[in-house]
Each structure stands twice: as structure tokens, then as C-alpha cells.
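Listed below, chain by chain, are the residues.
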Amino acid sequence: MLDLEFLSQVLAVTTVVTPLMLVGVLGIASLFSRRLSERVTSRLTQFVGATGIVASVVILVLMLITGSRHNHVTLGNWVILNDPSLHFHFTFKIIFDRLSVPFAILIFVLCEVIATFARHYLHRETGFHRFFLLFSIFQAGMILTAVAGTVEMLFAGWEMVGLSSALLVAYFQNRAAPVRNGLRVWIVYRFADAAFLLAAIMLHHLSGGGDFDVLTGVTNLQTWPEGVVEITETGTAILVGYLLLIAAAGKSALVPFSGWLPRAMEGPTPSSAIFYGALSVHLGAYLLLRVSPVLVVSPWLWGAVIALGLATAMFAAITARVQTDIKSALSFAALTQIGLIVTEIGLGAAIGGRIGQLIWYFALSHIIGHACLRTLQFIRAPSLLKDYGQLENATGSRLLHRPILFTSSLPGPLQVRLYRFALERGHLDTLLTRFFVTPFLKLFRGCDRIERAWANLLQGGVPDSPHHSEPSHQQSESRT
Amino acid sequence: MVDFSRSEGGDSQSGSTSHGDGDLLSIIQHAVHLLPSQGPISVFVHHNTLHAFQHLPFFTALRRGVEVYGCEPFLSEEAFHHKLADGRIRLEDIEQVLSEELGAHGEDKIAGLTTRFKLRLTMAKDPLYLGSGEELEWQIAETQILKKMRSEVSGATRKGMVESTRHWALRQRIPVETTISEEPSATGIDLAPFLQELSFGASESAMDRWTEHRWEEFCLTALWKVCVAGAKRNRRERTESARLMRPCDILKQVAGEDVDRLVNELLIPFTAAFLDQGLSQWSLPGRDLGFYEAFLLHASQTGFLAERWFHDGNVHVRRLQAENVSALDLIHELLPKLGIAPEETEEFLTQTLLSLRGWAGMIWQTETQASRIARPSPQGTLVGFLAVKLLLECHALTYVAKEAGVWTGSLADIRKLPASPQPLPYELTAMQCASVVFQMAQLLGWSPETLYHLPRRDWRALLAEIESFSNFERRRLLQLAYERRYRNQALDAFTAHARKPHVAATPVRAQVITCIDDREESLRRHIEEVAPDVETWGAPGFFSVAMYYKGVADALETPLCPGNVRPRHWVHEEVANGFESSDQLRRKARKVVGKLSRHLHLESRSMTRGAILATFLGPFASVPLISRILFPLQTARVSEVARKLMEVPSATQLRLERATPEPGNEPGQIGFSPQEMAGIIEKVLRDTGLTSNFASLVLLIGHGSSSQNNPHESAYNCGACAGSRGGPNARAFAQMANDPRIRKLLADQGIVIPESTWFVGGYHNTCNDEIEFFDVDKLSEPVRKSFFSLKEKLDEALAWNALERCRKFESAPLTLTPEEAIRQVKIRSEDLSQARPEFNHATNAICYVGRRERTRSLFLDRRAFLQSYDPEQDTPDASILLRVLQAATPVAAGISLEYYFSCVDPAGYGCGNKLPHNVVSLLGVMEGAQSDLRTGLSSQMVEIHEPIRILFVVETTPELMTSIMDRDTNIRELIQNEWVQLALLDPNSSQLHLYQAGAFVPYRPESSQLPVAGSSYEWFRGWRGDMGFASVLASEPKTFRKTSRSKEVF
Ligand SMILES: [Zn+2]
């Protein structure tokens, strides 16, 4: 029995360490301009993926055999402040429970499939190694996020995922559009990350550490999703919840951040498939599941989750219908489901109890099923013309637009208005620029001006900020 | 915001616009010619990318391409120099081409330093380093260019230059009272301080101790400074380019904001929605109104949430609606507002269309090629598109200019903003000129002193000469040398091979007729090698059966004939008698499965049903996901079995004969009349020369290709079937030729087909190298037996063919056996992740029109289109050759030129990298999330291509060819304007004539050696790169039996 436990601990560490080692090997090789051959690079990546699948499946089996539901490995503390008034600690901790094990298996399986796919697909590309390096960072980040036991570790993984995603959007760096869109993805991610970071700090204040088991009231008897949060400062908990919700919304492209998702379709097909179709876009929902016991705390919290999820699902469902290119159509279709998954998480929190937990399980299986389905659809996206031809032949007629009942029953002008809303993707980007980016820039430029004025007053003669002398620059910035 | 009401612009409109509606329309029509003419991607027809300029000589057209599209005309100089290093171009070729071009002018002295020939040769053969301003500065500061001479400089030249400079410098240290008043240098340099500065004021004794390297550095620095001074002082300033700048271009330069991008973010989704052939589930409301009107309808909605720059667009648009302003009126109205003078209108509108040329071109295609498009666009769509684009541009310009604070006032004044027009391509700056002189001086041994003393007149001549031999001209020269190299190799091989008498096999076991396609060259060669008693023939792969074809399992009719032919006949495939009931069942099953998969397809994208699907069926998607990627071949086999259950029963027949006099698409009208059928058979047989000596089996093999995840799949199909699969044509042909009544009609025309001869149609999948034969069950017993024994041979040939293809795939090992090669190509055709299922027409270079005997057993490396034609059976005026060339020339030239342009500029003329392609509107591909519609070929398709103009080798005499060129303008245009190269092979000797500068000149072979190999495999094994020509013994009947080899490997 003890041996089994030891084995599962070793495996748990393996799942995290091997992807990190891959990052190290590929990264160091690139750093020293030692080009590994395409074969070596892809084989190493496939090997790590396969190791991960085996290890995480064995962990699952062991958990089933031993009946353990919560397998956590603590790798020690980085920082402990023993001063009781500060009482801060930062622990490396991996959790394997009923939430992270299925998700980890999903990550490894999809990464393995995509690595195999990319091996042929990117053959002879100049960016082959760059792709695989970014891919390995992504994989390591995903797995870290999935099994993180503390908010800090989750944040580290989250950042790795964000960075690699943005760089992969900009994979075709010799054209302007991928770079611009990569930057846009990066900006939204940074904003979400800022919210996340604030949440992490507040969490420390709240519970003295970033450990999820403390936060979500998980003990050895009560594991996810049965944890019960015992927080006295409900107000702070709600604030933490909201911040995490913003973080999740940014990462999962929920309203109003949805604009970046179709723009992310700039990279090669496999990266579009795995990042925006399958894995990273579910990360926000996964985060909400991870902290789901917190959502129960207040109706304000779960209410917001449900509202955001529903709004996203409805927005994306309408928008998906008018998209004329396959990648955008699929990305909005994916967003529809993510909206629903978030709604389910909120509903689970709203209902609570046994049924609420069942709904969370449902949300988890929704994530897994959706990720598989969408990955398949994304990597088959270039087959669209062939598929349409075959469908036409099978049904024996041309495939024409299928009128949608509710839109065709709308009065004309309203139909047109709704169509335009959908075609211009809800004007969400404009909205963000207008009501968020521009005021934000204005505010900070104002601060800048005041600071300069002060500095001028104190020492005299500080050169003007470049923003004032170059209005064109200002303009282009406010648009990115 | 600027007031867009009519009152403001009213009088200016009537005053300054001199164009009437008709003028404007004709201007637009004219501009349209410059747009890409590629139709929907699902029927990809290869055509000359620069078709708009086909009336111009090739190189002039390339220059126009640079000016109009800003695309590269040739491979880069760097690529050419690689080819020079690899021996794909020899120095001798450059010299030859150059001396032919220059003639006597080659010996003209340039500035008394060198000859024009020598200068140009040096500039072309050695890489010139020509950075932009900053790059050059960096090179001077950070690299060795001022420290060491170029590596190509010989030791003697280097020594001579350094010595003379040293002498020069040391001499100047001792001042003398000169009696001769020296003319000031044309470089404007004052010598004494100049040398002082260069030596950093080193003392005499210090300079004595200088090493060789220090002197080399001194020499180069002096040389560089002299060159810079000389070039700056003596270069004639060029007049600025007159190219019109659109207000968008100006604002982009002045304000740094890309107005086109803003406009495109609205315009592209709207255009895509308008053109959509069924990808989206909700069709654009108001599409029936037309492009412009539909746009007004949408834009007239209150746009509270709209893009800032189009915030007040609805006000403007409502005014247009209220006043009933048409699209043309709007263009009229906007032109003066944008500050476009009437004489600039054409240039401006052309540029406006070209700035989004993929979409504009597709609009034009859907508008004018309505019969080939499921959902055509109404007339006037392009005009509407132009009007909308200008409208959006006006709003975006106004907004951006104001926001950026660069301009306030009337929109027309944007054009007065200070912006420097784009420099003409290939124009050198003064520093670049200096850099060329600097490099030439090293390579040709001009010392700094010489250049210092060079008179002004000579400096000017030198610089003018350098500028006239621009990057374009250098690459043109290299291109000619590149083409010369391959052409001479090919013509030498043809000459040497034509000398050898060909022994015909007796009796002929079978005759195989394939498409002229270059991919069938290797198949034919391998068939001849494994079965030397088989003859092969080539004809355009639609076998003259131009038809709309509908298979049993097809929903729609496909035109199966070249793109420029409009079929008049319809042919349907029907289930054979006795199989109807099982077909009904299968048809129902197909329909159910089809509907189901369509629902799955759509509903996975919807909300609630999507959720149910994703949660409950989603995990099962991992099964095909994993199996298709990890085990593509096995998965394909499993799904093949599943499909077989519902597949059309193999017992089908073609309805080929009609009862009514007129052909049509009504039940009685399907098919051809017997006379028409006899005409088709006769035409193909006469064209190819197969009019007697029929074997007992004649196989016709059409072709096509199947690959996965490939939006360009149809580009891999038969070019003579306009991007469709040519199997049904071969089948129809065989069925017609087997009909005794038709044979009787043919006999009346003098073609007697013996009763024992059977025609069998087949379909070759060029991607997985399988051949499927039709109507084999109808063969009678003795033929049947010989057919199956022949089929075994064909399978063997296919395996060798697959092996020959595999040598070009970098991911396939060179050590494959034929069986492994077959497996390899089958996986490629089923693999979702394969970006290179096959290389299609890449490397095509020759089109041979003549008797196969004269090329049989010549290894052509899959680079030649082979059309069979027998000059001895032709009429005295070569009427057969005329129609053969009329069919073959556009196909071969179109393919060759499309490959040429996509290869020299994959991102400009081609559609770029295929990895980020995104299928849009079921019409084409965009790059990434949103872009212009991309036309042409992807870089993966052309990466191994060698961009040379196709060499036609026609077996005929100069007189007959001249008369053919007189009779067909299209052929004449292609040949006279040098879009293709042409050589003639004398029907009775091995003499070749080359078409050069409008005349046929006898070709003198460079070499009469032709390597000999036992078999193709012996020749090509172990090598990926280009293979030379060789004579292959295996296909010679009786001289070589390759049984030993085939046993060994199989
Ligand atoms: Zn063909």
C-alpha cells in the first residue's frame, strides 16, 4: 500500500517534471543555436507526451485501486515567514484529484496528437524548432496549471501558457497581421493576469497562503468538489472571486474579451487547434472549477458567473452563424460551448449541494468532450471543401444556407441589425477600445503629464514625453 | 467629421468630373483585366498569372508586373548564385547569353577601365552586396569589407592594387612644386588632407612599418571614400517617379496609420458574406438587392457601437438612400472629394481595386462566370464594391487624419501632404552606386588612384552603365543563362536520342494512352520498362470527350473538359440493370448518413445541441482524432470498408447515346449521337497517330488526385479537365470505341479497328498511385486474361513510379523499396497532417509534341508533357498539328507560367505558405484570421520547382510551324512574346531548330554524350536533386530484359 502511494507520488512528479525538462532541452538547444534535427525534436516531444499519458493514466488507476481521491505531493516551501502577523508561505504542491487527473490526461493526449500532427505538417518550415519550443512551453504550462496546488504555481503555468500562445499567434512573424493580433492577445492576457495576480495577493491575505486546499476547504475527507469554504470575510472572498472571474474571462475569451479569439487564428492550423480550440481557451473555465467552492459563497458571485457564461454563449452562438471563414466559425462555436460550461459552473454553485457537485462534474466532462471534438474539427478545417462536396453528393443536392427559425421570424430591420451586430462580432473590440483602452490611456497620460509638470517645477527642463510630440504614435497605440 | 452632404460637393462634382457613366464603366472594365482571374478554388484551373500582359513580350510583362503588383519578376540574385555554385547555371551560359545580347556593343570601353561585357559579366556572376542605407553603414562599421578584399579577388590583383596605392600614398607625402596644373579630381577630393585623414596622421616611419594587412585596409578605405565621393558628385539625379499615391498611402506614410487595414476590417467580412457559397448558416439579409444596396441597407442602421471612424456612416448612407444615389454616382461624387483629378481617375481606381485584388477578382469571377458558380453575383457587383470601398476610405481617412492631427480641412487636401512617393524598384541610391563601383574596382583591379583621376565624363559613363545594368537586368541575364543551361541539356539529349533508331516491338501487347501530364511521363516510362512490348501514347486527359458529367453518387454535374471549352453534352452514370434495388437501399443509406453528418457538422457549432453533442459524443471524437493522425492508412482502410457498404454498386454504365437530335440536360438528350462519338474517337486517334496496328488491348487512363486537408486539392487534378478527375472521360471514350457501330463509322473514315481489339478506360490517382479500371466485367474471355496479366505489369510499374516520386520527398528515405514506396504514397494521400501529398506539376519544363518512338527510353525526370503526334500522318498544311497545339499549348503554358510566377514570388503571385490558410466562403483561402483572398499556388507546392519557361519541342518543320503561328493568334502570342520556348525536331533527322528572336535557327549540340542506364531506377536511385537526361535500356524491346532486376527487388 505504501509502495503504491510512493509510486503515485513519483508519477505525479514525473508528469510535471518531464514537460519542464523538454522545455529545458529544446530551449537550451535553441539558445546555443544548436539545431536539433526535425526528427529529434519531434520524437522528444512525442516521447514526453507519451510518458505523460502513461503516468497520468497510471495515477488514475492507482487512485481507483487505493480509493484515494486526493493525492497531493508537497515539494517543499520556497518561502515561509514565520512571523505570525505576516504568516506567509509559498509552497510547491501538486494536487491529483478528480478534477486535475482527467484534465491532465486530456492535456497529454491532445498534446501528443498535435505533436504528431505538427511533425509532418511543419516539415521543412523555417520555424519548426520555434514551434516545438513554444509548444513545449505551452504543454508544461498547461500541466502546471492543471495540477497546481497553490495559486502561485497555477499562475506560473498560466503565464507560460499565455506567453507561448501569444507568440504562436505571431508565429508567421514576417507578416504584419499575425504580429498585431499576437500583441492583442498578449494585451488581453496581461490584463487578465493582472486580475489574477491581485487575486493571488488577496488570497494570501485571506488565508495566509496560496494553497487551494485551504482556500476551498478541502481536507483528506472532503476533496474536490466537496470542499466547503469557511471564510469569514465574505466581502474579500467575493472580491477574490470577481478578480478570478476577470482572469478566467480574459483567458477563455468570455464577453467582453471575446474579440481576440478569432484573431488568434493566425498561427499554423495545429496551434490554432490546440490552443484556441481545445486547451488554453478552457483554462478559464478550469480555474473556475478549481475555485468552484468559493463561488458558492455569494449569489453575487455565482450570479455573475452565470450571467457572463450565458451572455458569452448567446453572443457567440449568434456570431458563429454569420462567420464565412471556417476558422472563425469554429472559434465562435467553441466560444458558445465555453460560455455554456461557465454557465454550468455558475449553476452548480447556485444550486450547491450534491446536485451542484454533479453539475460541476458535468461541466468537467463537457470540457473534455468539447476539447476532443473541437480539436478534431480544427485540424480537419482545411478539408472543408472536400467535406462539403461529399455531403452534397450524399444528400444529393446543393447545401444552401439553412434559415434559422428565430431570425427569419424577426422583422426586417431588426434582422439586419442583428446580422450586422454578428458580422462585426458584437463590436466588442471597438467597445473595449472606446470605453476601456482610451480612458485608460487618457488617465495614465494625464498622470504622466502631472508627473512631468511636477518634475519640471522641481528641477526644470525635463523633455516632453514622446507621446506628446508624436500624435501618430498615440493614435496607433490606442488601436492596438 | 467632414460633411458628406451633397450640397458641399455638389458643384465640384459637376464642375471637375469630366467622365460620364460610360467612361467610368469602361475605366473600371479596363482595370478589371489586372485582377487575378482565378475562379473558385474547388475548380482550380492553371493559367498564366500575368495573363493581362500576355500581349507584351515576356520580360516587358515582368516589368509591368513589378510596377503594377509590386511582385518579384525572377528568383533572387542569391538563389541564382546558389544555382551557379551548384552547376545548374554555368559561367559559360552567362557568357554566351551576354555576348549574344550585347553583340558588338560588348566590346565598348566603359570609362576606359573595362569593356561592357566584362563589367556586366562581373556584376552578374559575383554576388553584389547592396544593402539599404542603414545596412551599408552597418556593414562598413561592423564587417570586414573595408579591411579585406572580397574573397573572389585574385592574389595578383590584390597585390597590384595594394602596391600601387601604397606607392601613391607615399609619393604624396613629399610635396613638390608642380609645373603642370593638375585638373581637380572629378571626385572633388582634396588629396593631401584626404590621405592625411586616411593614415590618421601616421608618421612616415610608422607607415614604413605597416603590415600588408594595414596597407590593404588603407587601400580599401581610400577606395571606398573615392567611390562615395565620385558617385555622389557624378551620379545623374533621376526624375522622381510619377506613380500616383492614393490618399491611404499618403496617410500611412505621414500618420503611420494603415487606413486600408481599418477599411478592410469592415469590408472583407461584408464581401465574404456577400459572396458566400454556403459556409455560413445565416445568409446576408438583403443580398438580393446587390452589393452596394445591401451595404447601404446594413450601414444605414444606427451605429452606436460601430467602429469609431464609421460612427457617422449611417447618416451619410441614409442620405445616399434617400437621394437614390447609385454606385456609379457615388464614385463620381467621391472622386473629386478625394482630390482625384479626372486624368488620374483610371490610375486611382485601378490601384484601389488592386489594393484588395483577391476579393475584387473573385467578385468579378462570380459576376462574369455565373455558369460555373453555385451562387453567382448579380451584374454591377464590382462597381458596388468599388463604391463601398471608396465610401469607407473617405470616412476612415477623415477620421484618421483628424485623430493623428496631421490634417484638418477638406479631404482632397490629404493629397497635398508631404509624402515621398515610393521609389521605383531597382533604382540605386548614390551610396549603392558607390558600393557597386567599390566592389567592381576590387574584382576588376581599379586602384583608388585610377578612380581619383578618372575624368568627370568617365565617372558619368561608369555610373550610367552600372545603373543601366540594374538588379532586374542582372536577374534577367541570369534567368536566360539558367534557361539556356537546361534547354541545351535537353536539346542535346533529344538530338543524341533521336539519332538512335528505335525498334518497335512486334507484336505489340497493348497500347496505353494517358494524359499528356508531366506526372504521367514517369508512369509511361516504367510501363515501357516492365513491359517493353507495350506502347504508350499521350493525349489531353479529357480525351476529347467534353461533357457535363454526373456520376451515380454525385449531386451535381461537373464539366470535364479544358477551362476554355464549354461542353455541349451531358453524360450520366447509371446503375446497371438488376442492381437498381440494391442501389436504392444504398442511396438511402448514403442520404441518411449524409444528412446525419451534416447535422452533426452544423449542430456542433450551435448552442444547446452543440452542448449535448460535445458532452456526450465529444469524447468519442478522440477516437478518429487519434487514429487518423497516428494511423492514417489503417483508418482510411476501415472507413473505406464502411463506405463500401453504402457505395455505389460497381455495376454501373454510362448513358452515352442520345435519341434526340439536339444534346441537352433533359432525359432524352443525355449523351452523344453516334456521329459525334465517331468524331471524338477519330480526333484522338488521328491526333496521336494511333490509326493502325492496334493491339488487342488499348487502355485509356485519365487521372486525378486525392489528398486530405488540402483546399487546393483540385489543382492536383487533370489540367485538361479544368481541375476535375478525368476517369469518366477515359471510360466514356473506351465505351464509345468498343461500340461496333462506331467502329463501322470509323472504318468509313479509314480507321479500321480490328474486332479483336478492346478499349478499357481507367483512372490513375497520381497521389496514391492506384489505377482503377472501368467495365472490366464486360471483357470477353481471352482479352480478359491478357488484361489481368497486363494489370499485374501495370501495378509493378506503379510501384516503380511511386518510388521515383518518393525520391523528391525529403521525409521519405532514399532507400525505399517499390513496395514501401507504394505504402509511403498511400499514407501521404490519407494523412491529415501532410502538407505535400504530391508535388503536382513542380519541375515541369518541357512539352514534347511528336512520336513517342523518338523519346521512348529517354529519362525525362517527370519534367515533360508528352503529346503524341505523328507528322507523317498529318495533312500537308499540318491541320492536325494545329489542333493538337491549340489544345496542348494553353494547358502546358498555363501550368508552366503559373508555376513560374508562384515560384519566383510565392507571397506575391502565389498564395504564400499553406499552413495558415483559412477557407472562406467556400471560394478560396485567406491567410490567417482575415486577409485578402489569396490566389495562385502555395509555397509548399512550388518549393522544388525550377522556374524556367517551358520548352516546347515539336516534331515538325520550321515552315509548317510558321504557318501554324500565322493561323492561331494565341499560339503566336505565346511564342513570339517568348512566354514559352520553342524548338522543332526534324521529322526525318535528328536536327533541331531553336526559335530565337523571331526565327528558327539550327541548333548545334554542345555535347553528343547521353548517359546510359539499365533502368530508370538504376539512374535515379540515391539522389534527391535534379537528374540529368539518360537513355534507359530497359524499355527497348529485346535489347534488355529487366526480369532479373524486378525479381531481385520485389
Ligand atoms: Zn491531365
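Residues numbered from 1 in each chain as written. Chains lettered and ligands numbered in written order. Predicted model: local features only at pLDDT ≥ 70, side-chain atom pairs only at ≥ 80, totals over all residues. Heavy atoms only, no water.

What chain A contains, in helices and strands, is 21 helices and 2 strands. Classification of the 480 residues of chain A by burial places 60% in the buried group. Contacts spanning at least 24 positions in sequence make up 76% of the contacts within chain A whose residues lie at least 6 apart. Total accessible area on chain A stands at roughly 18,500 Å², and carbon and sulfur atoms take up 68% of it. (Helix = DSSP H or I, 4+ residues; strand = E, 2+ residues; numbered from the N terminus. Buried < 20%, exposed > 50% of the residue type's maximum accessible area, 1.4 Å probe, protein only. Contact = heavy atoms within 4.5 Å. Areas by Shrake-Rupley, 256 points an atom, 1.4 Å probe, with all protein chains shown as cover.)

Turning our eyes to something else, we now look at the environment of Asp312 of chain B. Residue and element names in this part refer to chain B. Position of Asp312 among the secondary structure elements: in the loop between helix H14 (291-299) and helix H15 (313-322). Take Asp312: its relative accessible area is 21%, and that puts it in the partly exposed class. On a C-alpha basis, the gap between Asp312 and Glu347 in space is 29 Å, while along the polypeptide they are 35 residues apart.

Below, the discussion takes up the coordination of the zinc ion. All names here are of chain B. The zinc ion binds to the protein through Cys515 (SG), His703 (NE2) and Cys718 (SG), with metal-donor distances spanning 2.0 to 2.2 Å. Here the donor residues of the zinc ion are spaced in sequence according to C-x187-H-x14-C. Here Cys718 lies in the loop between strand E9 (697-704) and helix H29 (727-738) and Cys515 lies in the loop between strand E3 (510-514) and helix H24 (519-530), a separation of 203 residues in the sequence. (Donors = N, O, S within 2.8 Å, 3.2 Å for Na, K, Ca; no water.)

This brings us to helix H14 (residues 326-351) of chain A. Residue and element names in this part refer to chain A. For H14, with 26 residues, the first-to-last C-alpha span of 37 Å sits near the 38 Å given by 1.5 Å per residue. Counted residue by residue, H14 has 23 buried out of 26 residues, so it is predominantly covered. Directly beyond the C-terminal end of H14, a positive phi value near 70° is found at Gly352. (Expected span 1.5 Å × (residues − 1).)

Moving on to the environment of Ser68 of chain A. All names here are of chain A. Its place among the elements puts Ser68 in the loop between helix H2 (38-66) and strand E1 (70-81). The exposure class assigned to Ser68 is partly exposed, which follows from its relative accessible area of 27%. As for Ser68 and Pro262, which are separated by 194 residues in sequence, their C-alpha atoms are 41 Å apart.

With that out of the way, let us pick up the packing of helix H18 (residues 412-423) of chain A against H14 of chain B. Where H18 of chain A contacts H14 of chain B, the two axes come as close as 9 Å, and the packing angle between them is 90°. On the basis of the axis angle, H18 of chain A is roughly perpendicular to H14 of chain B. Contacts between H18 of chain A and H14 of chain B pair Val416, Tyr419 and Arg420 of chain A from the former with Leu297, His298 and Ala299 of chain B from the latter. Of the residues that constitute the contact of H18 of chain A with H14 of chain B, the class distribution is 4 nonpolar, 1 polar and 1 charged. (Axes fitted to C-alpha atoms, helices over the stretch in contact; angles between N-to-C directions. Parallel < 35°, antiparallel > 145°, perpendicular 65-115°, else oblique. Nonpolar A, V, L, I, M, F, W, Y, C, P; charged D, E, K, R; others polar.)

In this section: the packing of aromatic side chains. All names here are of chain B. The final tally for this structure, using the stated rule, is 52 aromatic pairs over all chains. Residues Phe901 and Tyr909 carry aromatic rings whose centres are separated by 5.1 Å and whose planes lie at 65° to one another, so their mutual orientation is edge-to-face. On the basis of relative accessibility, which here comes to 0%, the residue Phe901 falls in the buried class. For Tyr909, a relative accessible area of 5% translates into the label buried. Members of the aromatic cluster, connected to one another through ring pairs, are Phe53, Phe58, Phe59, Tyr69, Phe74, Phe472, Tyr900, Phe901, Tyr909 and Trp979. Positioned above the aromatic ring of Phe274, the side-chain terminus of Arg287 is 4.7 Å from the ring centre. The ring of Phe809 carries Arg828 above its face, with NZ or CZ at 3.8 Å from the centroid. (Phe/Tyr/Trp six-rings, centres within 6.5 Å; stacked < 30°, edge-to-face > 60°. Lys NZ or Arg CZ within 6 Å of the ring centre and 35° of its normal.)

Attention now moves to the sheet that holds strand E6 (residues 558-560) of chain B. Residue and element names in this part refer to chain B. Here we have 4 strands laid out as an open sheet, ordered E6-E5-E7-E8, and mixed in their pairing. What marks the edges here is a single partner per strand, and that holds for E6 and strand E8 (652-655). Direction aside, the axes of adjacent strands within the sheet are offset by 30° on average. The sheet contact formed by strand E5 (residues 547-550) and E6 spans 3 bridges and is antiparallel. From the neighbouring strand, Tyr548 faces E6, where its bridge partner is Pro559. (Pairing = 2+ DSSP bridges.)

In this fold, His993 of chain B is placed in strand E19 (residues 992-996). For His993 of chain B, the contacting residues outside a window of four places in its chain are Pro958, Leu982, Ala983, Leu984, Phe1000, Val1001, Pro1002 and Tyr1003 of chain B.

With that settled, consider the interface of chain B and chain A. Between chain B and chain A, the contact holds 103 residues from the first and 93 residues from the second. Of the roughly 9,000 Å² buried between chain B and chain A, counting both surfaces, carbon and sulfur atoms make up 60%. There are 5 salt bridges connecting chain B and chain A. In this structure, Glu943 of chain B engages Arg124 of chain A in a salt bridge whose closest nitrogen and oxygen atoms are separated by 3.2 Å. One can count 23 residue pairs in polar contact (both at pLDDT 80 or more) joining chain B with chain A. Breaking the side of chain B that touches chain A down by element, the ones donating at least two residues are helix H13 (259-275), H14, helix H19 (381-404), helix H25 (580-603), helix H26 (608-630), strand E15 (917-920) and strand E16 (924-927) of chain B. Residue composition of the side of chain B that touches chain A, by class: 47 nonpolar, 34 polar and 22 charged. (Buried area = accessible area lost by both parts, 1.4 Å probe. Salt bridge = Lys/Arg side-chain N within 4 Å of Asp/Glu carboxyl O. Polar contact = N/O pair within 3.5 Å; in protein donor to acceptor, adjacent residues only side chain to side chain.)

Residues and elements named next belong to chain B. In terms of residue burial, strand E12 (residues 846-850) counts as a mostly covered element, since 5 of its 5 residues are buried. Residues Ile846, Tyr848 and Gly850 line one face of E12 and the alternating positions Cys847 and Val849 line the opposite face, and both faces are buried. For E12 and strand E17 (residues 951-955), the ladder comprises 4 bridges, and the chain directions are parallel. Across the sheet, residue Ile846 finds its bridge partner in E17, namely Leu951.

So, on to the packing of helix H4 (residues 128-147) of chain A against helix H10 (residues 269-278) of chain A. All names here are of chain A. Running from N to C, H4 and H10 cross one another at 10°; their axes reach a closest spacing of 12 Å. Taken together, the axis directions place H4 and H10 in an arrangement best described as roughly parallel. Residues Phe131, Phe135 and Phe138 of H4 lie in contact with H10, whose contacting residues are Pro270, Ser271, Ile274 and Phe275. Residues belonging to the contact of H4 with H10 are distributed by class as follows: 6 nonpolar, 1 polar and no charged.

Once that is clear, we can look at a nonpolar patch on the surface. A cluster of nonpolar side chains, contributed by Phe362 of chain A together with Leu596, Leu600, Ile612, Phe616, Leu617 and Phe620 of chain B, occupies part of the molecular surface with about 700 Å² of accessible area. Taken together, the elements giving at least two residues each to the nonpolar patch come down to H25 and H26 of chain B. The element contributing the most residues to the nonpolar patch is H26 of chain B, with 4 residues. Checked against the element boundaries, Phe362 of chain A lands in helix H15 (residues 353-379). (Patch = residues over 30% accessible without salt bridge, like charges linked within 9 Å, V, L, I, M, F, W, Y side chains within 5 Å.)

As a further point, take the environment of Leu443 of chain B. Residues and elements named next belong to chain B. Position of Leu443 relative to the elements: it lies in helix H20 (residues 430-444). With a relative accessible area of 16%, Leu443 lands in the buried category. When the C-alpha positions of Leu443 and Asp126 are compared, they lie 9.0 Å apart, and in sequence the two are 317 residues distant. Leaving out residues up to four positions away in the same chain, Leu443 has contacts with Thr122, Asp126, Arg150, Glu152 and Val153.

Quick look at the sheet that holds strand E10 (residues 758-765) of chain B now. Residue and element names in this part refer to chain B. Taken in spatial order, the 5 strands line up as E4-E3-E9-E10-E11 in an open sheet, and their pairing is mixed. Lying at the two open borders of the sheet, with one neighbouring strand each, are strand E4 (534-538) and strand E11 (770-773). Averaged over all pairs of adjacent strands, the angle between their axes in this sheet comes to 25°, without regard to strand direction. Two elements, E3 and E4, share 5 bridges in a ladder whose sense is parallel.

Our next topic: the state of the cysteines. Cysteine pairs can be covalently joined through their sulfur atoms, and such a bond is termed a disulfide. Residues and elements named next belong to chain B. Tallying each qualifying case throughout the model produces 0 disulfides over all chains. Unpaired in terms of disulfides, Cys721 finds its nearest cysteine sulfur in Cys718, a separation of 4.0 Å. On the basis of relative accessible area, Cys721 is assigned to the buried category, the value being 0%. The thiol sulfur of Cys767 is not disulfide-bonded, and the nearest other cysteine sulfur, from Cys806, lies at 10 Å. Given a relative accessible area of 0%, Cys767 falls into the buried group. (Disulfide = S-S within 2.5 Å.)

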